[in-house]
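Report on the structure
Spelled out, the chains give:
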Amino acid sequence: MVSRKEKVKFLLFSAISAGYIQLTIHLIHLIVSKMTKSESEISSSTSRTYEYDVFLSFRGGDTRRNFTDHLHYALVEHWFTTFRGDLSLRRGEEIGPELLKAIENSRLSIIIFSRNYADSRWCLQELVKIMECRRTLKQIVLPVFHYVDPTDVRKQRGTYAEAFANHQQRYGDAQVQEWRAALTEAANLSGWDLLNRHESEEIRSIIKTVADRLNRDLFEIIESVFDKLKQDVTIIEALEDCAETVGETVGEIIDDVSNLLDSDTSSDSDSVDDALDSLKEEWNKFWDSS
């Protein structure tokens, strides 16, 4: 017989596999709130809450109405909470501090290096903050080279050289060197080069990578949560409480998963695949009705 803890873990893993990241995080937080240990006693990566899954850094004049717009739509369609400055900031808010705060509150950043990215002081300041968060907060950073040679970004050649010639006169050596270092560091990361590629295919690849990277983090979080659980905590009851918060459909899914595991079909990979497909359909019904 599979333990209650394993049943719940299966439920959460299934939710992640179905692509419902935010609901899974919500369930985890509700479970944690039922534990006798406080959330702060779990690892720092678990207890830290993020407002956004993805932060998009881009030069608006280059990509706002084409590649960035299509990528943003795909991220939102896959339930990733995404910060896009021109849509996420309310009128009247100060751009600089709000953008920097949004970067800190994101789990992953995508930097879209385009022809005129380095022209923008704001873009370069975002970039410095993103790379700082990569070092200090272990933020995931993914670069996209939007019809620019990655080497030109890395070594500040071509339009990037022209931009830095102007910056040198206006902002001085210290500031320019900080921006150059951030560009070089980011351009050395593995990413996507759009030259001679189909954008739609590259966006699908980006979405898959984002899902894989964020899901991997969530699997680690779930394992950490369950490692901290005390034996006297009834997890199924905690999840049933969650069902009252996020919808009765979740309670029905819990029953379905429990019945599946109790019937000892978990060893049959086809049955598990069928169950996951069924579960995904139920999640879709839940979201459509909420």
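The structure reproduced in this document is the subject of the present report. Not measured: the values here are computed from a predicted model.

Rules of the game
Residues numbered from 1 in each chain as written. Predicted model: local features only at pLDDT ≥ 70, side-chain atom pairs only at ≥ 80, totals over all residues. Heavy atoms only, no water. Helix = DSSP H or I, 4+ residues; strand = E, 2+ residues; numbered from the N terminus. Buried < 20%, exposed > 50% of the residue type's maximum accessible area, 1.4 Å probe, protein only. Contact = heavy atoms within 4.5 Å. Salt bridge = Lys/Arg side-chain N within 4 Å of Asp/Glu carboxyl O.

The next subject is the side chain of histidine 146. Along the chain, histidine 146 falls in the loop between β4 (140–145) and α9 (150–155). Using a relative accessible area of 10% as the deciding quantity, one classes histidine 146 as buried. Beyond its immediate chain neighbours, meaning those up to four positions away, histidine 146 contacts Asp62, Thr63, Asn66, Phe67, Ile112, Phe113, Ser114, Arg115, Leu194 and Glu199.

Summed over all chains, the structure comprises nine salt bridges. Across the salt bridge formed by lysine 129 and glutamate 104, the nearest N and O atoms sit 2.6 Å from each other. Taken as a pair, lysine 129 in helix α8 (residues 121–136) and glutamate 104 in helix α7 (residues 95–104) lie far apart in primary sequence, 25 residues in all. Judged by relative accessible area, lysine 129 falls into the buried class, the value being 12%. In this structure, glutamate 185 and arginine 135 form a salt bridge, with 3.0 Å as the shortest nitrogen-oxygen distance. Placement of the pair is glutamate 185 in helix α10 (residues 159–187) and arginine 135 in helix α8, with a sequence separation of 50 residues. Glutamate 185 sits in the partly exposed class, given a relative accessible area of 23%. The partly exposed category is assigned to arginine 135, whose relative accessible area is 48%. Each of Glu104, Lys129 and Glu132 takes part in salt bridges that share partners, so that together they form one network.

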